[in-house]
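Listed below are the residues making up each chain.
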Amino acid sequence: MTEITQHYVDQFNAASAGLAGRGLPWLDDQRQAAIELFAKSGFPGQYEEDWRYTPLKPVIGKMLHVKVDSEIADTDISKDLITGLDAYRLVFVDGRFSPKYSDTSGLRDSIVMNSFEQSVVRNPELFTEAMRSEVPLSHGFAALNVAFSTDGYVIEVAENVKLDKPVEIIFIGVDSNLATQPRNIVHMGKSSQAIIIERYVSSKQTGAVVNSTSRITLDDSAKLGYYLVQTQANDASQITSVDVRQGRSSWFGCYTLTLGGQLVRNNLRVSLQEEGAHCDMLGLYNTGGKQHVDNHTTVVHAAPHCTSRELYKGVLDQRSRAVFHGRIKVEQGAQKTDASQSNNNLLLSSNAEVDTKPQLEIYADDVKCAHGATIGQMDQNSLFYLRSRGIDEQDARALLTFAFLNEVLDEIEVEPLRHSMESFLAERLLENA
Amino acid sequence: MLSIKNLHADIDGKPILKGVNLEVGTGEVHAIMGPNGSGKSTLANVLAGRDDYEVTRGSVEYRGMDLLDMKPEIRAREGLFLAFQYPVEIPGVTNMYLLKAAINSVRKHRGIEELDAREFLKLIKEKAAMVEMKQEFLYRSVNQGFSGGEKKRNEILQMALLEPHLSVLDETDSGLDIDALKIVAEGVNLLRSEQRSMVLVTHYQRLLDYIVPDYVHVLAGGRIIRSGGKELALELEKKGYGWVEDQAAA
Ligand SMILES: Nc1ncnc2c1ncn2[C@@H]1O[C@H](COP(=O)(O)OP(=O)(O)OP(=O)(O)O)[C@@H](O)[C@H]1O
Ligand SMILES: [Mg+2]
């Protein structure tokens with residue numbers, strides 16, 4: 001065991017008795033299994049194929065600063081709100097639930113929406129089997145999250161219930177150099193419908209690290225639009241692990257929008273477990289400076305007649321770097337699978353770099369799988385065309401960059417969110433141009 | 001309006017324009033004809049400010065200004081317009097957006113108040129009707145999926161909207177059916193005035209039946225080798241370029 005691994009194991013042994021929800025057998029078991037696995041595996045290393053492009057050392061170093069119980073910091077959330085977004089809202093400040101900034105008034109009884117900590121402490125009976133289901137511990141970060149996490153959000157939408165408004169979860173980083181480990185759980189009952197917007201922001205430069213897991217289960221015919229929106233300060237780091245299981249004829253729309261952070265690694269895994277399930281996986285990243293954004297996605301076709309569509313688009317400037325690794329796995333018997341994947345990148349600087357890699361594992365014979373990746377530069381003909389119509393070079397560049405991302409932006413169904421992304425991007429593009 | 005003197009331009013070190021001289025007076029319409037690859041589009045693009053071409057010698061004066069010293073966007077704002085031989089498709093940017101950005105940048109440059117959404121809409125509808133362009137085209141991405149003729153019509157729409165002092169139309173008539181040709185010609189003729197000048201690059205005498213030029217020039221081998229009145233176009237149509245080239249060589 002390396003020194004750092006040992007450090008966490010010791011810390012766990014010292015702290016575990018006081019972790020929220022202690023005594024709940026399912027949770028105790030999960031935490032125990034997670035720390036044991038972590039003790040064995042430790043953090044992933046760059047020698048591992050799945051992690052080779054992403055330097056983890058600085059993140060791991062920073063993760064040591066775990067916040068011990070203290071007051072929830074005060075912050076001004078008004079500037080972090082999205083103009084015009086009417087949503088049920090949970091706010092977490094430095095990883096801890098803050099009722100003060102949250103607003104779930106008007107929420108129907110058939111919907112559970114609360115913090116993980118409050119739920120395990122006060123209403124552990126809320127945790128149905130689906131919500132207790134284990135987070136796949138596919139790497140050390142997920143294991144560490146499960147072992148240590150005390151808070152996060154829990155949402156359950158009962159059968160046939162359709163949410164009238166989106167749910168917005170805001171994780172705000174306030175304190176400096178802090179590591180937080182939100183554990184999020186979503187269960188969509190049969191034929192239920194919801195939109196969840198999970199946002200990570202920071203009040204200022206804090207150098208914070210967030211290591212989150214989100215476990216999402218969709219029962220038959222459920223529909224969930226899930227937005228992971230990363231607009232934290234450019235010195236923050238984040239590792240996310242989103243695991244999704246889909247039932248029969250369910251729809252999962254996943255939108256990973258990464259505009260902030262120094263180092264961001266998103267692990268997304270969607271498992272289409274029963275016939276007729278469909279998922280759309282959309283991604284957008286815009287990086288500058290020395291930002292590093294790594295999207296690892298896996299879609300598992302485990303049943304016949306499922307469809308998946310994936311489109312990730314990125315714009316990279318300056319010395320930034322992006323990694324895209326998209327895996328499509330079609331299991332034996334998953335006939336009539338229809339899967340598509342594309343990753344398109346626009347490089348605005350010759351110092352920016354992209355590594356993109358599709359990976360297809362197909363064990364069924366009657367399937368349709370399409371994939372493609374592109375890396376290109378700004379089209380000079382288009383640029384000249386716009387300029388010849390009187391448009392500034394700087395504006396023309398921003399406009400073309402925008403146009404490139406539009407294919408993804410256009411799919412954001414929540415209009416206020418789309419507008420907020422657009423203005424965030426516009427500001428960024430004009431500033432960098 | 002425009003005074004081109006001994007203009008030489010290279011692309012990738014290869015000389016394309018080899019001493020072009022051309023004077024376009026205010027209110028005049030000039031047609032430039034010439035064989036494929038003779039440098040007509042090169043000339044048009046150099047005028048519009050494309051930087052792939054390197055001007056190695058010569059000068060261009062436009063309305064008293066040193067044109068070659070200006071950025072493409074400034075040229076446009078100063079009233080120079082190029083209708084492209086091959087208009088570019090720009091997915092993700094709507095025609096509407098482009099048109100509005102274009103007109104407002106020109107207005108701003110000239111110190112006129114920018115148009116608000118309503119004023120712009122009114123104006124654009126009027127102009128679109130003039131070139132018989134269906135409204136839906138305004139909301140589509142710039143030229144994306146437009147047919148060849150629709151793209152050309154879109155160029156004329158932009159021209160009509162921007163009301164340039166000098167329009168350079170690079171083969172706007174190529175690929176147009178008879179009806180579209182008439183519409184384009186009408187658009188041009190409506191704009192034609194004592195204050196405006198036009199340079200029409202074309203291969204076909206046909207266009208010149210609708211837009212009667214004051215002068216016709218033959219550009220071959222990177223130089224204007226012959227100039228004349230509108231009857232020169234008819235002669236070229238009959239005899240081809242061979243005889244002018246032979247005469248020029250002689
Ligand atoms: N990017 C380029 N690289 C190399 N050569 C070029 C490039 N662009 C143009 N040329 C060459 O320059 C010459 C002049 O081209 P230009 O497009 O100006 O001709 P044109 O007179 O407009 O012809 P057409 O009637 O076919 O439109 C041609 O020989 C062409 O191949
Ligand atoms: Mg040409």
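Refer to the structure presented above.
The present account deals with the structure reproduced in this document. Only a predicted model underlies this, so the values are computations on that prediction, with no experimental measurement involved.

### Details of the nonpolar core
Core analysis: the biggest nonpolar cluster contains 71 residues, and Tyr227(A), Leu417(A), Leu2(B) and Ile4(B) have the highest contact counts within it. Broken down by element, this core gets its largest block of residues, 10 residues, from helix 8 (residues 393-409) of chain A. Looking at which domains feed residues into this core, each of domain 1 (3-274) and domain 2 (384-433) of chain A supplies at least three. Dropping the residues within four chain positions of it, Tyr227(A) is found in contact with Ile195(A), Ile196(A), Ile197(A), Glu198(A), Tyr255(A), Leu257(A), Glu411(A), Ile412(A), Glu413(A), Val414(A) and Leu417(A).

### With respect to the packing of aromatic side chains
All names here are of chain A. This model, assessed by the stated rule, comprises 19 aromatic pairs over all chains. On the numbers, 5.0 Å between centres and 40° between planes, the contact of tryptophan 26 with phenylalanine 127 is tilted. You can see tryptophan 26 sitting in helix 2 (residues 25-41) and its partner phenylalanine 127 sitting in the loop between helix 4 (116-122) and helix 5 (129-132), a full 101 residues away along the chain. By relative accessible area, which is 2% here, phenylalanine 127 ends up buried. Between tyrosine 153 and phenylalanine 171 the ring centres are 6.5 Å apart and the planes differ by 40°, which places this aromatic pair in the tilted class. Taken together, the positions of tyrosine 153 in strand 4 (residues 153-157) and phenylalanine 171 in strand 5 (residues 167-173) put the pair 18 residues apart, joining distant regions of the chain. As far as burial versus exposure is concerned, tyrosine 153 and phenylalanine 171 are alike and both buried. Above the face of the tyrosine 88 ring, lysine 165 is positioned so that its terminal group lies 4.6 Å from the ring centre. Lying across the ring of phenylalanine 404, lysine 313 places its NZ or CZ 4.3 Å from the centre.

### Re helix 3 (residues 95-109) of chain B
An ideal rise of 1.5 Å per residue puts 21 Å on 15 residues; helix 3 of chain B measures up with 21 Å between its terminal C-alpha atoms. Among all positions in helix 3 of chain B, only Asn95(B), Met96(B), Leu98(B), Leu99(B), Ala102(B), Ile103(B), Asn104(B), Ser105(B) and Val106(B) are buried. In this structure, the buried side of helix 3 of chain B is in contact with helix 7 (380-387) of chain A together with helix 2 (72-77), strand 7 (90-94), helix 4 (117-130), strand 8 (141-142) and helix 5 (148-162) of chain B. A positive phi of about 75° marks Gly111(B), the residue just after helix 3 of chain B.

Reading the values: the criteria
- Residues numbered from 1 in each chain as written.
- Chains lettered and ligands numbered in written order.
- Predicted model: local features only at pLDDT ≥ 70, side-chain atom pairs only at ≥ 80, totals over all residues.
- Heavy atoms only, no water.
- Core = buried A, V, L, I, M, F, W, Y, C linked by side-chain atoms within 4.5 Å.
- Buried < 20%, exposed > 50% of the residue type's maximum accessible area, 1.4 Å probe, protein only.
- Helix = DSSP H or I, 4+ residues; strand = E, 2+ residues; numbered from the N terminus.
- Domains from an automatic or database assignment.
- Contact = heavy atoms within 4.5 Å.
- Phe/Tyr/Trp six-rings, centres within 6.5 Å; stacked < 30°, edge-to-face > 60°.
- Lys NZ or Arg CZ within 6 Å of the ring centre and 35° of its normal.
- Expected span 1.5 Å × (residues − 1).

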